[in-house]
Amino acid sequence: MRPSQLIILLFIFSINSFAQKLTLSGYITDIDTGESLIGVTVFDLDSKIGSFTNKHGYFIISTKKVVNIKITFVGYESANLNISLKNDTIINLTLKQSQQVLEEVIIKEKREEKLQRLPIGITNIPISRLKAIPILFGESDIIKALAMTPGVSTGNEGTSGLLVRGGTPDQNLILLDDTPIYNTAHLFGLISIFNTDAIKNVDLYKGGFPARYGGRLSSVLDISMKDGNNKVKKKELTVGLVSSKLLIEGPLSSKTWGKSSYMISARTSYLTPFLLPKIIAFKLGKSEQSFNYWLYDINAKINHKINDKTQVFASFYHGNDFWVAQDGLTNDRGKFNLNWGNLIGTLRFNYIIHPKIFLKIIGSLSKYNYQIGTTSYEKENNKWKKSNYLFSKSSIKDISTKASFEWFPFMFQQIRFGFEATNHQYSPTQLKTSLPISSDSLKHINDFIFANEYSVFVENEMDLSNYFKLNLGIRKVLFRTKEKDFSVFEPRIAANIILPFNIAIKGSYSQMNQFIHLLNSNSVGLPNDVWVPVTNQVKPSYSEQVSLGLSKSFLKQHLELTVETYRKDVKNLIDYSDGKNFFSSFNTSWENLIEKNGIGKIKGLEVFLNKTEGVFTGWVAYTLSKNERKFVNINQGEWFNANYDRRHSIAITANYTYPNTKKSLSISWVYQSGQPITVPVAFYEQFKEGTLITLGYPQFIYESRNNYRMPAYHRLDFSYSLKEITKRHREANWTFGVYNTYNRVNPYYLDLKFQKYPNTKTSFLQEKFTGVNNKLYKVGIIPLLPFISYTIKLK
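Here the structure is a predicted model, which is why all the values come from computation and not from measurement.

Here is what the cut-offs are and how they apply
Residues numbered from 1 in each chain as written. Predicted model: local features only at pLDDT ≥ 70, side-chain atom pairs only at ≥ 80, totals over all residues. Heavy atoms only, no water. Buried < 20%, exposed > 50% of the residue type's maximum accessible area, 1.4 Å probe, protein only. Helix = DSSP H or I, 4+ residues; strand = E, 2+ residues; numbered from the N terminus. Arc of directions from axis to C-beta. Contact = heavy atoms within 4.5 Å. Lys, Arg positive; Asp, Glu negative; His and termini not counted. Salt bridge = Lys/Arg side-chain N within 4 Å of Asp/Glu carboxyl O. Polar contact = N/O pair within 3.5 Å; in protein donor to acceptor, adjacent residues only side chain to side chain. Pairing = 2+ DSSP bridges. Axes fitted to C-alpha atoms, helices over the stretch in contact; angles between N-to-C directions. Core = buried A, V, L, I, M, F, W, Y, C linked by side-chain atoms within 4.5 Å. pLDDT = per-residue confidence, 0-100. Phe/Tyr/Trp six-rings, centres within 6.5 Å; stacked < 30°, edge-to-face > 60°. Lys NZ or Arg CZ within 6 Å of the ring centre and 35° of its normal.

Colleague: Please give an account of helix 5 (residues 272–283) that cites residues and values.
Modeller: The α-helix winds at 3.6 residues per turn, so residues separated by three or four positions along the chain end up facing the same way. Three or more residues of helix 5 are buried, namely Ile279, Ala281 and Phe282. End-on, the buried residues of helix 5 take up no more than an arc of 160°, which puts them together on one face. Facing away from the buried side of helix 5, by more than 90 degrees, are the exposed residues Pro273, Pro277 and Lys283. Looking at the buried positions of helix 5, the neighbouring elements they touch are strand 21 (289–305), strand 22 (310–328) and strand 23 (332–354). One or two residues past the end of helix 5 sits glycine 285, with phi positive at roughly 75°.

Colleague: Just give me the short version of the side chain of arginine 333, but keep the residues and values in it.
Modeller: Of note, arginine 333 is situated in strand 23. Buried and unpaired, arginine 333 has no salt bridge, with aspartate 327 as the nearest side chain of opposite charge at 8.0 Å. Looking at arginine 333, its side chain comes within polar contact range of the main-chain oxygen of phenylalanine 282, at 2.9 Å. When near neighbours in sequence (up to four residues on either side) are disregarded, arginine 333 contacts Phe282, Lys283, Gly285, Asp327, Gly328, Thr375, Ser376, Tyr377 and Trp384.

Colleague: Hey, could you go over the sheet that holds strand 5 (residues 66–72) for me, with residue numbers and the actual values?
Modeller: Read from one edge of the open sheet, 4 strands run 3-2-5-6, paired in antiparallel fashion. The open sheet terminates on both sides in strands that have one partner only, identified here as strand 3 (50–52) and strand 6 (79–84). For this sheet the average axis-to-axis angle between neighbouring strands, irrespective of direction, equals 20°. The pairing of strand 2 (residues 41–44) with strand 5 spans 4 bridges and is classified as antiparallel. Residue pairing across strands places phenylalanine 43 opposite lysine 70, the latter belonging to strand 5.

Colleague: Outline the sheet that holds strand 17 (residues 219–225), listing residues and values.
Modeller: Read across the sheet, 5 strands follow the order 9-16-17-12-13 without closing on themselves; strand pairing throughout is mixed. The outermost strands of the open sheet, each flanked by one partner alone, are strand 9 (122–123) and strand 13 (179–180). Pairing of strand 12 (residues 172–176) with strand 13 involves 2 bridges; the strand directions are antiparallel. Pairing of leucine 175 across the sheet is with proline 180, part of strand 13.

Colleague: Help me get a handle on the pairing of strand 22, residues and values and all.
Modeller: Across 17 bridges, the pairing between strand 21 and strand 22 is antiparallel. Within the sheet, the bridge partner assigned to isoleucine 302 lies in strand 22 and is alanine 314. Hairpin remark: strand 21 followed by strand 22, antiparallel, with 4 residues in the connecting loop.

Colleague: Please provide a residue-by-residue account of the nonpolar core, values included.
Modeller: In this structure, Leu176 and Leu221 are the most contacted members of the largest nonpolar core, which totals 76 residues. With 4 residues, helix 4 (residues 142–146) is the largest single contributor of residues to this core. Those residues within four positions of leucine 221 in sequence are excluded, and the remaining contacts are Ile143, Leu146, Leu162, Leu173, Ile174, Leu175, Val202, Asp203 and Leu204. Residues Leu22, Val67, Ile71 and Leu95 belong to the second largest nonpolar core, which totals 16 residues.

Colleague: Mind laying out the environment of serine 719, listing which residues take part and the relevant values?
Modeller: Mapped onto the secondary structure, serine 719 falls in strand 44 (residues 713–725). Judged by its relative accessible area of 5%, serine 719 falls in the buried class. Each C-alpha atom, one on serine 719 and one on asparagine 655, is 9.4 Å from the other, the two residues being 64 residues apart in sequence. With residues up to four places along the chain from it excluded, the contact list for serine 719 reads Ala132, Pro134, Ser664, Leu665, Ser666, Thr735, Phe736, Gly737 and Phe787.

Colleague: Which residues make up unusual backbone geometry, and what values go with them?
Modeller: One non-glycine residue, leucine 187, lies in the positive phi region at around 55°. A residue is classified by how much of its surface remains accessible, and leucine 187, at 11% relative accessible area, is buried. In this model, asparagine 572 sits at a positive phi of 60°, which is unusual for a non-glycine residue. Along the polypeptide, asparagine 572 turns up in strand 34 (residues 559–576). By relative accessible area, which is 16% here, asparagine 572 ends up buried.

Colleague: Break down the confidence of the model for the chain for me, citing the residues and quoting the values.
Modeller: With 87% of its residues at a pLDDT of 70 or more, the chain has an overall mean of 84. Between residues 13–20, whose pLDDT stays under 50, and residues either more than four places distant or in other chains, the model counts 19 contacts. Ignoring residues within four places in sequence, the model shows residues 101–112, a span with pLDDT below 50, making 25 contacts including any to other chains.

Colleague: Residues and numbers for the packing of aromatic side chains, please.
Modeller: Applying the stated criterion across every chain, the model contains 22 aromatic pairs. Ring plane angle 75° and centroid distance 5.5 Å describe the contact between tryptophan 323 and phenylalanine 336, whose orientation is recorded as edge-to-face. Placement of tryptophan 323 in strand 22 and of phenylalanine 336 in strand 23 is noted, with a sequence separation of 13 residues between them. A connected cluster of aromatic rings, assembled from ring pairs, spans Phe188, Tyr293, Trp323, Phe336 and Trp340. Here the guanidinium or amino end of arginine 333 rests over the ring plane of phenylalanine 282, the centre of that ring lying 4.1 Å away. The side chain of arginine 705 reaches across the aromatic face of phenylalanine 640, ending 5.7 Å from its centre.

Colleague: I'd like to hear about the pattern of salt bridges, residue by residue, with values.
Modeller: Under the counting rule described, the total for this entry stands at 28 salt bridges. In this structure, the salt-bridge partner of arginine 165 is glutamate 564, at a minimum N-O distance of 2.7 Å. Of this pair, arginine 165 sits in the loop between strand 11 (162–164) and strand 12 while glutamate 564 is found in strand 34, placing the two residues 399 residues apart along the sequence. Of the residues examined, arginine 165 reaches a relative accessible area of 1% and is grouped as buried. A salt bridge links lysine 626 to glutamate 628, with the nearest nitrogen and oxygen atoms 4.0 Å apart. Judged by relative accessible area, glutamate 628 falls into the buried class, the value being 14%.

Colleague: Describe the pairing of strand 2, and please don't skip the residues or the numbers.
Modeller: Judged by which residues are buried, strand 2 turns out to be covered on both faces: Thr41 and Phe43 on one side and Val42 and Asp44 on the other are all buried. Across 3 bridges, strand 2 lies against strand 3 in antiparallel orientation. Looking across to strand 3, one finds that valine 42 is bridged to serine 51. Where strand 2 folds back onto strand 3 in an antiparallel hairpin, the turn is made up of 5 residues, including lysine 48, whose phi is positive at roughly 65°.

Here you go:
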């Protein structure tokens, strides 16, 4: 029997008749800000059954007429609720943040452990802990912080694309308030687009994917923005080395106090003052080059609670990067422009149809575009005149609508179901140029590509007993293009067996399909992303993943240990053919530039030891993995190590908060095996007859794909934070730190240099040599870098 057929049978069988009980439901929020709290544990002390609040702070629990529940959440004071119910009841609860850091005490009471009930393959770390990790320029960065967890890494030094369990950056579904984001890079990937001041919660799924997610092979990164403080108006300003940011939040009006709120968070860089002397010198003709760079992003959100059952939200994000480089001096000059950015908007409607049924309806827009261009200028009558230009713009735009239901028909059972419809508009290239290209060619190059994607899903999550938790999921997808329709079926299953001594065994099986491909020129540091859909010639990528894991909680020590192993098989992968590049082949269809139908096999072991509470927190993460690819026309059809194969990865983070003070020290260290690359094994040159004068450039000879590894990557960072109260009674925070403390030269790329030897003259015109000395030199871009930032809360 096929796995998909087995899951369908189990799913149908699982719709059983549990004994019905009364239902207690409602929202749990922060008592001071009104922010909904995600992942709060609501535990029935009598039945020993627990529940968690969903992404919107909503919980449902089946119980008896007499309710005796305990509510717990990391960083908040626990609460107990004892009431008598006559009917299904909706009640809104609040929690208060802990006023001091927990000491290392022994927890004597028996409590339900969240770790044992979480599905396999999910990483959820509080934003406050992610922000404490020292990052480049002192900018807290959730992407870089997540890259220090098991099974996750980034590419070259400073890049921001996540590589999850052997996947590539385009194989991650990244959602910001339920809307896809297509590029996460600011400053060529040195920092990400996510401003942590505007973020409330982050969930990373690496395996055991719930059926409500789909469209990517490797991971789902689900990010929720803050709703805003609905009690008090607040302002917070942060000044850093390369950028500053401002957060403003509060109630929409005094009449809607406690029911509505807004949040605006803006960030901008100020690199221009540092580059200004070079810019002025170039304008005056005293320098041959100049550079300028600017970035910004804005997060905004408003929400209003119409009544206890109805709430509406609107969220917005917009960010851009601009880079301009100029060269030349006297009569000829050139200008290079590069800019890219994301725009998203989301409208969401939450409604409690019945205490057991929660409805969410979403409409969203997501747009990503980048433009690259060059312009040549000539001086005429002391004025610069444009002589030639070439601009290429690529974009993708999604308009989506989706609805999902959360239904609790019986005790121990939660069913989620819903649908989604998306209209995709792809523009691989919009070309404008002064070069002699025919209008017919331009029209063909600039054509838009349209596609529609429809999906439905059902999840059946059950606590079959106090010791066995099961989630069965089914997802059906139809992807429709002008040329062809693609229809796929994706079964999912995840199970937890909860054992004594706070131990759980977990497993999962999932199938995923991806209907969109990323063409990347692999130019170091540049985004250069072109998104294209599947076609008649290029099939959807497919993955099948099996995971098995074990978790153990050490309650007295506040320690969590997780060990997971996985095997992932992928097919219908694409890669550029040797020597091909989309940006130098405008007149050639992208389908003819790539190798198709590649396969891959990825396997790994992940270990995660996490200290969650106390004056000392932190974690140790280790990943052992192997990632291979195979194409018919690459590497003679033999298996080769994938570009992002990192055999060993180690990450250690530690944060110490000094007792009874407002000081903290954070340290992190990361190690990764070298990344595979392809280097030539020989080269040949052509010479002018009778001499050793070379004609043209040397031609390199390659033996196999990814036949060499870069040197290992490792780095130590630390930061020290000090909170204080200013003379005007405002909260302020100083952060000092150093990135790459021992000044490790981590390779950004390798440079090949060769020199003929010995070099002797046999005559006035001729030279003689007996060999060539070839060497690879690693080139790093980020040395030891100190940073400082200052944050103040303005009243």
